[in-house]
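Analysis of the macromolecular model
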Amino acid sequence: MNKKSSGTWENEFVNQDSAYVEKASVRYRCPKCQSFLQKRKGKKGEFWGCSSFPACDYTASDEEGKPVRQKRYLCPDCQSPLKKHTYKDNVFWGCTNYPDCKVTIEDEAGVPTPQKKYPCRKCGHYLVKKKGPKGYFWGCIKYPKCRHTLDDFDGKPKLKK
């Protein structure tokens, strides 16, 4: 057998002009179908989508190059997911079960505002803070069936006497 004149094959590979070593790539699996996730670009930026699309519609946000499932917020009335909406300068969260459920919740730093539950004196459900053309007010979560409202006073409903 011939003697190796220049060492191991690894050394020969590394010593080549065009050789370079990158960090190993990490592959993430889809939690729905176990296919691989792919980093994609959309109109709202980069995200991760299942390689089996359209058979699997799983998506995740991209945070520091890793897929992170977006946090889901549920409607306090019907438990359907909430969706963020922007209308003029007003940002709010609305129920995806609209028009059957007309719940809207104010936005606070990109998430629905945590709501302390104030009971509605007319129907027994509870009030949510809303923004109208004259400012903030509190309205029944069962609107339009119950049209009970109260004025807002420092972030709380102002009780009528």
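Our structure is the block above this text.
In what follows, the accompanying structure is described. (Residues numbered from 1 in each chain as written. Predicted model: local features only at pLDDT ≥ 70, side-chain atom pairs only at ≥ 80, totals over all residues. Heavy atoms only, no water.)

Remarks on the overall build of the chain
Put simply, the rule is: Helical segments are the DSSP runs of H or I of at least four residues, strand segments are the runs of E of at least two, and each set is numbered from the N terminus. The rule is simple: take the accessible area with a 1.4 Å probe, protein chains only, and divide by the maximum for that residue type; under 20% is buried, over 50% is exposed, in between is partly exposed. Here, two residues are considered to be in contact whenever any of their heavy atoms come within 4.5 Å of each other. Exposure was quantified through the Shrake-Rupley algorithm and a 1.4 Å probe, taking into account, for residues, occlusion by the shown protein chains and nothing else.
Check the secondary structure of the chain and you find 1 helix and 13 strands. What you see in the chain, going N to C, is helices and strands ordered as α-β-β-β-β-β-β-β-β-β-β-β-β-β. Out of the 161 residues belonging to the chain, those deemed buried represent 24%. Across the chain, every contact between residues at least 6 apart in sequence was considered, and the portion connecting residues at least 24 apart equals 21%. Summing over all exposed atoms, the chain offers an accessible surface of approximately 12900 Å²; the carbon and sulfur share of this is 51%.

Notes on the pattern of salt bridges
In plain terms, the rule: For this analysis, a salt bridge means a side-chain nitrogen from Lys or Arg found within 4 Å of a carboxyl oxygen belonging to Asp or Glu.
Evaluated as defined, the whole model comprises 3 salt bridges. One salt bridge in this structure joins Glu46 and Lys39, with 3.6 Å as the shortest N-O distance. Notably, a salt bridge pairs Asp62 with Lys39, separated by 3.8 Å at the nearest N-O pair. Within this pair, whereas Asp62 is found in strand E3 (residues 59-63), its partner Lys39 is found in strand E1 (residues 37-42), the two being separated by 23 residues in sequence.

Quick notes on the layout of surface pockets
The criterion, for reference: Using protein atoms alone on a 1 Å grid, points that fit a 1.4 Å probe yet trap it form a cavity, whereas open point sets bounded by protein on both sides within 12 Å along at least five of seven lines form a pocket; residues with an atom within 4 Å of a point count as lining. Grid points are joined across faces, edges and corners, and a volume is the space filled by probe spheres set on the points. Following the grouping adopted for this structure description, the nonpolar residues are Ala, Val, Leu, Ile, Met, Phe, Trp, Tyr, Cys and Pro, the charged ones are Asp, Glu, Lys and Arg, and the polar ones are all others, Gly among them.
If you add up the space inside the largest pocket, you get close to 910 Å³. When residues of the lining of the largest pocket are assigned to their parent elements, the largest contribution, 4 residues, is made by E3. Of the residues belonging to the lining of the largest pocket, the class tally is 7 nonpolar, 6 polar and 9 charged. Around the second largest pocket sit 24 residues that line it, and Lys102, Thr104, Lys130, Lys131 and Tyr143 are the ones nearest its centre. Elements supplying a minimum of two residues to the lining of the second largest pocket: strand E6 (90-95), strand E7 (104-108), strand E10 (126-132) and strand E11 (135-140). Counting residues per element, the lining of the second largest pocket draws most heavily on E6, at 4 residues. Looking at the lining of the second largest pocket residue by residue, the classes come out as 10 nonpolar, 8 polar and 6 charged.

Notes on the environment of Asp100
Tracing the backbone shows Asp100 in the loop between E6 and E7. Distance from Asp100 to Cys78, taken between C-alpha atoms, is 9.5 Å for residues 22 residues apart in sequence.

Notes on the packing of aromatic side chains
We count it as follows: Between rings of Phe, Tyr and Trp, where Trp is taken as its six-membered ring, a pair exists when centres lie within 6.5 Å; planes separated by under 30 degrees are stacked, by over 60 edge-to-face, and by other angles tilted. Any Lys NZ or Arg CZ found within 6 Å of a ring centre and within 35 degrees of that ring's normal is scored as a charge over the ring.
This model, assessed by the stated rule, comprises 3 aromatic pairs. Measuring from ring centre to ring centre gives 5.4 Å for Tyr28 and Trp48, while their planes differ by 80°; the resulting arrangement is edge-to-face. Taken together, the residues span a long stretch of sequence, with Tyr28 in the loop between helix H1 (9-15) and E1 and Trp48 in strand E2 (residues 45-50) at a distance of 20 residues. Taking 5.3 Å as the distance between ring centres and 80° as the angle between the ring planes, the aromatic pair formed by Tyr118 and Trp138 counts as edge-to-face. Of the two residues, Tyr118 sits in strand E9 (residues 118-119) while Trp138 sits in strand E11, which places them 20 residues apart along the sequence. Just above the ring of Phe36 sits the side chain of Arg27; from NZ or CZ to the centre is 3.8 Å.

Re the sheet that holds E6
Test applied: The pairing criterion is simple: DSSP has to find at least two bridges between the two strands.
The 4 strands are arranged E5-E6-E7-E8 in an open sheet whose pairing can be described as antiparallel. Here the strands that pair on one side only, and so sit at the sheet edges, are strand E5 (82-87) and strand E8 (111-112). Relative to E6, E5 runs antiparallel, the two being bridged by 6 bridges. Residue pairing for E6: Tyr87 is matched across the bridge by Asn90.

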